[in-house]
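Notes for the structure review
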Amino acid sequence: MNTFLFCIAIYAANFPQGERACEQAELILEYSEKYSLDPTVVTSLIYWESGYFPSRVSEAGACGLTQVIPRWTGPVLGKKYKCNELKNPETSIKVGTQILTLHLQRSRGNYNQALCFYNQGLRGCNSRSVRKRGTRYSRRVLKLSRELRKKLRETSVGVSPL
């Protein structure tokens, strides 16, 4: 996918923090393609996780654009990342997309469930009360993703390569 067209769609959709999203568009597209993810979902996930602020750290200790908790990276990915490393946009996007890919595999391609896992953890989505929060989160991410995907289709129509 073309980074320029992706950014036009981001702006056309009045995407929250659109300028910051475009600053990361190349990395989002690169890692979405590498892990066969929908880049509109990754773009929306980053917005809901960090608002596109790379140095954000949550109360739970989640770090970076994709708000990954460092202590879970070792057991899940086989390499433990430190919070300072996750504040680097490329590292955060790489690690976040790897984790989302694992959750997507576990949920057999179901983005709704994968996003619940991403937000609440594997065990969390099996608990009714926690699953409610995870489902709300999934709906928000997927709604923003649909809006962006719609604008991307509209912007791509009639555009031919030079």
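Refer to the structure above for everything that follows.
Here is a short report on the structure shown in this document. These numbers were taken from a predicted model, which means no experiment stands behind them. (Residues numbered from 1 in each chain as written. Predicted model: local features only at pLDDT ≥ 70, side-chain atom pairs only at ≥ 80, totals over all residues. Heavy atoms only, no water.)

Time to look at the pattern of salt bridges. Within the structure shown, the criterion is met by 4 salt bridges. Note that Asp 38 and Arg 149 form a salt bridge whose closest N and O atoms lie 2.9 Å from each other. Of this pair, Asp 38 sits in the loop between α3 (25–34) and α4 (39–50) while Arg 149 is found in helix α9 (residues 128–156), placing the two residues 111 residues apart along the sequence. For Asp 38, a relative accessible area of 18% gives the class buried. (Salt bridge = Lys/Arg side-chain N within 4 Å of Asp/Glu carboxyl O. Helix = DSSP H or I, 4+ residues; strand = E, 2+ residues; numbered from the N terminus. Buried < 20%, exposed > 50% of the residue type's maximum accessible area, 1.4 Å probe, protein only.)

Take the environment of Asn 2 next. When you line up the elements, Asn 2 lands in the segment before α1 (3–12). C-alpha of Asn 2 to C-alpha of Lys 87: the two residues are 85 residues apart in sequence and 26 Å apart in space.

Within the largest apolar cluster, 40 residues are counted, with the highest numbers of intra-cluster contacts made by Leu 45, Ile 46, Leu 100 and Leu 115. Secondary structure elements with two or more residues in this core: α1, α2 (18–23), α3, α4, α7 (89–106), α8 (111–120) and α9. A per-element tally of this core places α9 first, with 6 residues. Aside from chain neighbours lying at most four places away, what touches Leu 100 is Leu 37, Val 41, Val 42, Leu 45, Ala 114, Leu 115 and Tyr 118. (Core = buried A, V, L, I, M, F, W, Y, C linked by side-chain atoms within 4.5 Å. Contact = heavy atoms within 4.5 Å.)

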